[in-house]
Amino acid sequence: MHAENAPRHGAAAHPPHLAENCGSPHEDWARDLGVGAPGFTTHSLAADAESLQQARAFVRDSLERWGLRSCADEVGLVAGELVSNAVCHALPLSAQPAGRATAWLGLARQDSTLVCAVNDPSPDVPVLRQADESLERGRGLRIINALSSSWGWSLPTASGKTVWARIPFA
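Quick notes on the rules
- Residues numbered from 1 in each chain as written.
- Predicted model: local features only at pLDDT ≥ 70, side-chain atom pairs only at ≥ 80, totals over all residues.
- Heavy atoms only, no water.
- Buried < 20%, exposed > 50% of the residue type's maximum accessible area, 1.4 Å probe, protein only.
- Helix = DSSP H or I, 4+ residues; strand = E, 2+ residues; numbered from the N terminus.
- Pairing = 2+ DSSP bridges.
- Axes fitted to C-alpha atoms, helices over the stretch in contact; angles between N-to-C directions.
- Left-handed = near helix turned anticlockwise from the far one by under 90°.
- Contact = heavy atoms within 4.5 Å.
- Nonpolar A, V, L, I, M, F, W, Y, C, P; charged D, E, K, R; others polar.
- Salt bridge = Lys/Arg side-chain N within 4 Å of Asp/Glu carboxyl O.
- Core = buried A, V, L, I, M, F, W, Y, C linked by side-chain atoms within 4.5 Å.

**Student:** Give me the pairing of strand β4 (residues 150-153): which residues, what numbers.
**Tutor:** The alternating pattern of β4 places S150 and G152 on one face and W151 and W153 on the opposite face, and all of these are buried. Of the pairings in the sheet, the one linking β4 to strand β5 (residues 161-168) comprises 4 bridges and is antiparallel in character. Pairing of S150 across the sheet is with R166, part of β5.

What follows is the structure in structure tokens.
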């Protein structure tokens, strides 16, 4: 973690209190996040290549339902980076049967902010890297940092962690 970014994110940051459970099969995560009012929805993720495409469609459909089409590009990009990080770094492909849910993407609408969160089984926390134009990978958290008003992660437990980002909308 870099000092200039410490106020925006970090292990000490707690996931924001989210609202509404739309009948998600992942009720434990919703309950742990304080979910219980309209404006919250989740989508299961598997450790496969289709997860990113499915996550983007889920974000687009959810924002359309909420009348927030205008912020779909930013939220879709943030969600895509969070999901990509989970699939690449936290969901071992060989450890789970294909198509089985191993992580969850959640969206919550709070006043003029959307919270995007990904819960995965890994205890490894995200690391914001220095910009290096010569690398093909490693820019995801920089994108999240640029598009969100704040981001962070929950303290890892035996069941993993949640990485979240707040994205303001008008």
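Let us keep going from here.
**Student:** With reference to specific residues and values, describe the packing of helix α3 (residues 72-90) against helix α4 (residues 140-147).
**Tutor:** Contact geometry of α3 with α4 gives a least axis separation of 9 Å together with a crossing angle of 150°. Crossing hand, α3 versus α4: left-handed. Along its contact with α3, which presents E74, L77, V78, E81, L82 and N85, the element α4 presents G140, L141, I143, I144 and L147. A per-class count over the contact of α3 with α4 returns 7 nonpolar, 2 polar and 2 charged.

**Student:** Quick rundown of the pattern of salt bridges? Include the residues and the values.
**Tutor:** In total, this model carries 2 salt bridges according to the counting rule given. Here R69 and E64 are joined by a salt bridge, their closest N and O atoms 3.2 Å apart. Here E64 falls in the partly exposed class, since its relative accessible area comes to 43%. The shortest N-O distance in the salt bridge between D120 and K161 comes to 2.8 Å. On the criterion of sequence distance, the pair formed by D120 in strand β3 (residues 113-120) and K161 in strand β5 is long-range, its members being 41 residues apart. Under the relative-accessibility criterion, K161 is labelled buried at 6%.

**Student:** Break down the nonpolar core for me, citing the residues and quoting the values.
**Tutor:** By size, the foremost hydrophobic cluster in this structure holds 33 residues, and its most contacted members are V59, L63, V75, L105, L114 and C116. Among the secondary structure elements, those contributing two or more residues to this core are α2 (50-65), α3, β2 (101-110), β3, α4, β4 and β5. It is α3 that contributes the most residues to this core, 8 residues altogether. In this view, L63 contacts L68, R69, C71, A72, V75 and L114; residues no more than four positions away in its chain are not counted.

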